Amino acid sequence: MIEIEGLTKRFGAVTAVAGLSLKVGKGEVLGFLGPNGAGKSTTMKMVTGYLAPTDGKIRVCGHDIETATVEAQALIGYLPEGAPSYGDMTAGRFLAFIAEVRCFRGTEAKARVKDAVEKTEIGPVLDQPIETLSKGFKRRVGLAQAILHDPPVLIMDEPTDGLDPNQKHSVRTLIRAMAAEKAIIISTHLLEEVEAICTRAVIIDRGAVVADGTPGELLARSRYHNAVTVVLPESEANAAAAKLKGLSPVAGVERTARPDGIVQLTAFPRSGALLIEAVSALAMREKWTVREMVAEPGRLDEVFRAITTDDAQRAKAARA
Amino acid sequence: MNYVLPIFKREFAAYFATPLAYVFIVIFLFAMGVFTFYVGHFYENGIADLSVFFGFHPWLYLFLVPAISMRLWAEERKSGTVELLLTLPVPLWASVVGKYLAAWVFTAIALLLTFPIWLTVNFLGEPDNGVILASYIGSFLMAGGYLAIGACISAATTNQVIAFVVSVVVCFLFTVSGAPLVLDFFRAWAPLPLIEAVSSFSFLTHFTAITQGVIDLRDVVFFGSLIALFLTANVVIVDLSKDR
């Protein structure tokens, strides 16, 4: 439903997005990841028709965003970064305005607003000016605005930023509930969010896609994928480490001392090998005093760090 | 029109959502009264017409209209709502026109609320109400011209104070472009047709012509095309400002 081809955006000498191509279909929740300044927001601004691309094509449900802007925008729900809204309006009036702009009239408009209010749980604050609301409520008013017309395409720039854990949970539940019928793009810095709600994760860096796959596929890239961590008292640690190294599927062991006199040993597998059974059998045999044992699924943050660049490098590259 | 109406309604309601509307109207009416009665010596003139009253309009608008127009776009850009507004399924021109019309109708209301002075002058004597009507229309058109300039300048900045100050200066130049202050600057080097063109931009000249009681098509076309020109520039500036 969203087709992006060779999308490029330059601001003067700085290239924010460099030839990005992407297709998002119905039922997909695409998590858009990348360091600050990687081009996530700029891409979203172009997909929603706010910024004009320097080069490339964007189609939303078949409508070219540049030539059929209004038709495309009618099919998009957009939560801009920071969820801006008119502070001096009450939440209720603001949503009524959005309903009117989206061409709903009379009872239909009221029903749409009511539905969005229920889904985002902002009923108690409808009569308050938006500027007096807490950050969490402001964000949810922005969300209500984005889903009011039940759009086939939903684009949200950091939808859970600034929400407390309960609110995050309810927003994620809401997104999951809508996912089957829509094409959704969310940008986020929260890697656990990607694992929680995304069917697909795309990491961009310096304006281009550097990784694209299911969260599971990205996790499999982590060197922690299928690694096993065992937590033991220090007295047993040396012997245990030696035994672990002796297992044939183990490529290496990393030792981390914890402050409370216990030691954490992480055994990394040779490529593709499963370790947990061998390690647990070994632990039984050797009668280790195991405090914890975890089979690691992989660490997204480590994958993220491995394939993206840091601030300083990026600023240098952008100007080169 | 389908696009313009919701934008217009929201913008118009926004004036009344804050004390801005009430403060503006009270000060507008108060200033009109002070200028007409104390500075213009309305009673002492002993003439039952409103030429003194209308004579002050350009000068009051000069300061009061930029106070209305300064927030039109600068505030949207500052708070980031411009991104929301321009990703709604509404063409940019409709947002520009809707916001502008809201400001214009608001000034029209302030202007209409000066009706007691019309009642007064009708109570005291027998004024030419045709001239008064023409003057009101002229004043409305002139306010529209100032607003279009102010809206356009508001789109060029995120700072409302800058929008206000620059608008006052530009409006001032348009007001007095028929006066020696501006023309002398051009006389030194510009050819005569250019000087005449500059002087024909004067709001004062066109407004004074209308307050004589004749609504000349040329004066209406002047204000109409000036408004169209600045609103077009407004669209272009909003479009360009997104890329920053």
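All values derive from a computational prediction rather than experimental measurement. (Residues numbered from 1 in each chain as written. Chains lettered and ligands numbered in written order. Predicted model: local features only at pLDDT ≥ 70, side-chain atom pairs only at ≥ 80, totals over all residues. Heavy atoms only, no water.)

Each helix and strand in chain A was counted, giving twelve helices and 14 strands. Looking at chain A alone, contacts between residues at least 24 apart form 68% of all its contacts between residues at least 6 apart. About 14200 Å² of surface is accessible on chain A, with carbon and sulfur atoms providing 51% of the total. Side chains of chain A give 40 positive and 40 negative charges; the mean places of these two sets differ by 2 Å. (Helix = DSSP H or I, 4+ residues; strand = E, 2+ residues; numbered from the N terminus. Contact = heavy atoms within 4.5 Å. Areas by Shrake-Rupley, 256 points an atom, 1.4 Å probe, with all protein chains shown as cover. Lys, Arg positive; Asp, Glu negative; His and termini not counted. Charge placed at Lys NZ, Arg CZ, Asp CG, Glu CD.)

Here we take up the sheet that holds strand β12 (residues 250-257) of chain A. Residue and element names in this part refer to chain A. Across the sheet, which stays open at both edges, the four strands sit in the order β12-β13-β11-β14 with antiparallel pairing between neighbours. Bordering the open sheet on either side are β12 and β14 (292-295), each of which pairs with just one other strand. Here the average twist between neighbouring strands, direction ignored, is 20 degrees. When strand β11 (residues 228-233) meets strand β13 (residues 262-269), the two strands line up antiparallel, connected through six bridges. Among the inter-strand pairings, V228 is bridged to a residue of β13, identified as A267. In this fold helix α10 (residues 276-286) packs onto β11 and β14, with an angle of close to 165 degrees to the strand it touches most, β14. (Pairing = 2+ DSSP bridges. Axes fitted to C-alpha atoms, helices over the stretch in contact; angles between N-to-C directions.)

Residues and elements named next belong to chain A. If you walk across this open sheet you meet the six strands as β6-β7-β8-β3-β9-β10, and the pairing is mixed. A single partner strand is all that each edge strand has here, and the edge strands are β6 (76-79) and β10 (208-213). Between one strand axis and the next, the sheet turns by 15 degrees as a mean value, whatever way the strands run. Along the sheet, helix α1 (residues 40-47) contacts β3 (29-33), β6, β7 (153-157), β8 (183-187) and β9 (200-205); its crossing angle with β7, the most-contacted strand, is approximately 145 degrees.

It is worth spelling out the pattern of salt bridges at this point. Per the stated rule, a full pass over the model turns up 29 salt bridges over all chains. For K9 of chain B, the salt bridge is made with E100 of chain A, and the minimal N-O distance between the two is 2.8 Å. Here the residue K9 of chain B occupies a position in helix α1 (residues 4-17), and E100 of chain A occupies one in helix α3 (residues 91-101), the pair thus bridging two chains. The partly exposed category is assigned to K9 of chain B, whose relative accessible area is 42%. Across the salt bridge formed by K119 of chain A and D115 of chain A, the nearest N and O atoms sit 3.4 Å from each other. Within this pair, K119 of chain A and its partner D115 of chain A are both found in helix α4 (residues 106-120), separated by four residues, close to a single helical turn. Note on D115 of chain A: relative accessible area 37%, which makes it partly exposed. Through salt bridges with shared partners, one network takes in R10, E11, R71, E75, E76 and K99 of chain B. (Salt bridge = Lys/Arg side-chain N within 4 Å of Asp/Glu carboxyl O. Buried < 20%, exposed > 50% of the residue type's maximum accessible area, 1.4 Å probe, protein only.)

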